[in-house]
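Fold and geometry: a report
Read off the chains here:
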Amino acid sequence: MSSRALRRLKGKQRGQEALDLGDLVPDEGPEPEEQAADVEEEEEELAEAVLQHAKSSIRKAKKNKKNLSNIYELICDAENEAEKATTDEDTVKPEEQNGDESKEKSDSRETEKRDAQPETGAAKSGDKASKKKKKKNKKKNTTGDKQEVAGDDIDALLETIEQSNGLTLQSEGCGGSDNRPVLYVEHRNLNPETELKRYFGARAVLGDQRPRQRQRQFHRSTWMTIPKDTWPRFSRPGISMTLLESRDGLQYFTFEHSRDYQQIQFKFLDSVESMDPNNIVALLQMNPYHIDSLLQLSDVCRMQEDQEMARDLIERALYSFECAFHPVCSLTSGTSRLDYLRPENRAFYLAVYKHMMFLERRGCPRTALEYCRLILSLDPDSDPLCMLLLIDFLSLRSREYNFLLRLYQDWEVHRNLSQLPNFAFSVALSHFHLSQEDQTESEERERLKHKADLLLQNALIMFPGVLMPLLELCTVQPDAAVSSHDFFGPRSQLGQSPALAELVSLYVGRTHTLWREGGVLLWLEECVREVLRRVDTKDPLVEDCQNKRKQRYQSAPLNIHRHVILSEIKEATSTLPLEVTTQSVMGFDPLPPLDSVASYTRPERQSVGASNESTLSLFFRSLLPNFNLQGEPMPQDDLEVAQAGRELNQEVNRLMVAMRDMLANIQFQEPPREDNPDRDEGEWD
């Protein structure tokens, strides 16, 4: 580290000190050599202090090795100091130049006065100057060596920190770094304005307004949402986050509800059971940051085509959650875990998911991909919202092909991603898009194209039921040789198990827009012809994939059903099994896990008057005295009766669904049209 950098650290700059008249006269006042010696001694002491500070910082970083943010701050601070020192050495400021010029003038005046002195005085002063000059050179060499050693030690120690922790600072690219975890989340990519500025520029996004500043009433800065002036004044609603345990480098957290918040939650459940959204609105007026009320009312606004209000309510819920975060909880490191089995944590999953879908509809797929990675990092093993069925679509939309391929390579061994239709086709599509990029070399382009062909052919052989629905949604008329072939004909769709049909319908309904491009359709046509040739020549892979389809996909797990319900894709929701469609699904907690871990239970409700029950509930209660729409706990004497009437209750649930459809259709009084009404239902909006 240079002397100029050390002066920078100390807060001094050369040429800022005022000149003294004593400096111009020999033997009066401090001489320049003595001043230089004093400065060099101070620099030597400062160099040792900097070295000790670096060593203490390294020891502190090793002690907090699991806290990645502290390590990043340490490396960033040290590198910023080094860059600042290098910049100061290369750039000489005007005041430093003036200081050098004044020093040269003073040296020339001293030389003239020494020449004018008597010979004895000149000799005497010369001897004195020579002694001091030797002393100065000796100290200068010693100080320079120590400074060089100190600088080398600091650089070496910083490099040791980076290697010991396996962290390397990379450029802030959208694709991330290969040294980072595959589910690494960047804070800046959680803000949709970052993506919009990249597309349209900062002036188009922000206009001529000044950068927004946080209002004083919002006491905490957040990453996921920006508080708005139109929101009610924030007061803690009674939600807090607790660290349960730290194990294997992971921190397990959970949200907790205070006693007052639990009472509000009970009132919210009563409002939902009343089937009147006005009760939820009244509850929100009294408690403007109640999470489940915000989620449920957001769904109501979205059904009424009020997208702006629906999105605003979700952002308010996220802000309430983020203000309750534990100080150790990190959204970006990928080491924080939230158990979906706890009802308090499910609301955070759903709030982030709904916010992600709003961002995707607004045209911010890169930001939505970042939130998708965030949800997946909270519980990558269980994946309660089945984000693996969505992450490939967002990666393709945001053109993050390398990320998708890296995720596929890292997780294929232990998660069998190739057995999911979405990954089988999306990975092939990623290779194809990479082969079409201009910056790709010719040899690499041919390799990627060949691999894309092979992957797509294998995907079509494994999932032949994807082709015909995909071409239908792309408004492409298939060739007669393809549509009449047994492999891609109606038999391929009828022979699918319900679970596989659900996955295929979900993928086709979500990603068919990505296959409408002209080049992609031509590539698909080539691969389909090659697949038919392999089927006719009895390729062993065809029979092997057929056996796999029969053995696997017997039943879909609950998280896939939950994902289909949240996706609201009509092609997929129509394939849900009857046991899912016949049960009531609440927007604030769709299909709760069967083994939920409840920290508190709802007290038994007293007898409810007839005025608080809905008309539909009174109707079924008049038919069946034991009917319970709200799911109230039944007395012990009625358990045997409920067990015996389980089949009857299922029939009642089916009747309820039919009556809801009938009541919904009663609202439309339009006369029948002459054209076919089913034609509009098959078109894609």
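Under an unreviewed UniProt entry, the name given to the protein chain is Transcription factor 25-like, and the organism recorded is Salmo salar.

Scanning the protein chain for helices and strands turns up 30 helices and three strands. Looking at the protein chain residue by residue over its 685 residues, the buried ones come to 42%. Counted over contacts in the protein chain with a minimum sequence separation of 6, partners at least 24 positions apart contribute 73%. Split by element, the accessible area of the protein chain, about 39500 Å² in all, is 50% carbon and sulfur.

With that out of the way, let us pick up the packing of aromatic side chains. Scanning the entire structure with this criterion turns up 18 aromatic pairs. Ring geometry for F432 and W523: centres 4.5 Å apart, planes at 10°, overall stacked. Of this pair, F432 sits in helix α16 (residues 421–435) while W523 sits in helix α22 (residues 518–536), placing them 91 residues apart in sequence. Take W523: its relative accessible area is 2%, and that puts it in the buried class. Aromatic ring contacts, followed pair by pair, group F425, F432, Y507, W515 and W523 into a single cluster.

Attention shifts here to helix α23 (residues 540–551). Between its first and last C-alpha, α23 extends 17 Å over twelve residues, near the 16 Å set by a 1.5 Å rise per residue. Looking only at α23, the buried set comprises V542, C545 and R549. Buried residues of α23, seen end-on, are gathered within an arc of 70° and therefore sit on one face of the element. More than 90 degrees from the buried face of α23, the exposed residues found are P540, E543, K550 and Q551. The inward-facing, buried residues of α23 abut α17 (442–462), α21 (498–511) and α22. Measuring from the side-chain oxygen of the N-cap residue of α23 to the backbone nitrogen of L541 gives 3.1 Å; that N-cap residue is D539.

As a further point, take the nonpolar core. The tendency in soluble globular proteins is for nonpolar side chains to be buried as a group. Among the nonpolar cores identified, the biggest contains 131 residues, and F348, M356, F423, F425, L460, W515 and W523 are the most heavily contacted of them. For this core, the element with the highest residue contribution is helix α12 (residues 343–361), accounting for eleven residues. Shared between two domains, this core takes at least three residues from each, and those domains are domain 1 (192–202 + 222–385) and domain 2 (386–556). Ignoring any residue separated from it by four or fewer positions in sequence, one finds F425 in contact with L456, A459, L460, F463, V466, Y507 and W515. F234, Y289, Y319 and C323 belong to the second largest nonpolar core, which has five residues in total.

Here we come to the pairing of strand β2 (residues 250–257). Along any regular strand the residues' side chains alternate between the sheet's two faces. Counting buried positions along β2 gives six out of eight residues, so the element sits mostly inside the fold. In this structure, strand β1 (residues 239–247) lies alongside β2, joined through eight bridges in antiparallel fashion. For R247, the partnering residue across the bridge sits in β2 and is L250. Here β1 folds back onto β2, and the loop between the two strands holds two residues, one of which, D248, carries a positive phi near 55°. Pairing of β2 with strand β3 (residues 336–338) involves three bridges; the strand directions are parallel. If you follow Q251 over to β3, its bridge partner there is S336.

Under the criterion given, the structure shown has two cavities of 30 Å³ or more. As a volume, the largest cavity reaches approximately 50 Å³. Broken down by secondary-structure element, the contributors of at least two residues to the lining of the largest cavity are α14 (391–397), α16 and α21. Sorting elements by how many residues they give to the lining of the largest cavity places α21 first, with five residues. Of the residues assigned to the lining of the largest cavity, the class counts are six nonpolar, two polar and two charged. Of the pockets and cavities examined, the second largest cavity occupies roughly 40 Å³. With three residues, the single largest contributor to the lining of the second largest cavity is β3. Within the lining of the second largest cavity, the residues separate by chemical class into seven nonpolar, one polar and one charged.

Rules used throughout
- Residues numbered from 1 in each chain as written.
- Predicted model: local features only at pLDDT ≥ 70, side-chain atom pairs only at ≥ 80, totals over all residues.
- Heavy atoms only, no water.
- Helix = DSSP H or I, 4+ residues; strand = E, 2+ residues; numbered from the N terminus.
- Buried < 20%, exposed > 50% of the residue type's maximum accessible area, 1.4 Å probe, protein only.
- Contact = heavy atoms within 4.5 Å.
- Areas by Shrake-Rupley, 256 points an atom, 1.4 Å probe, with all protein chains shown as cover.
- Phe/Tyr/Trp six-rings, centres within 6.5 Å; stacked < 30°, edge-to-face > 60°.
- Expected span 1.5 Å × (residues − 1).
- Arc of directions from axis to C-beta.
- Polar contact = N/O pair within 3.5 Å; in protein donor to acceptor, adjacent residues only side chain to side chain.
- Core = buried A, V, L, I, M, F, W, Y, C linked by side-chain atoms within 4.5 Å.
- Domains from an automatic or database assignment.
- Pairing = 2+ DSSP bridges.
- 1 Å grid on protein atoms, 1.4 Å probe; cavity = no way out; pocket = protein on both sides within 12 Å on 5 of 7 lines; lining within 4 Å.
- Points joined across faces, edges and corners; volume = space filled by probe spheres on them.
- Nonpolar A, V, L, I, M, F, W, Y, C, P; charged D, E, K, R; others polar.

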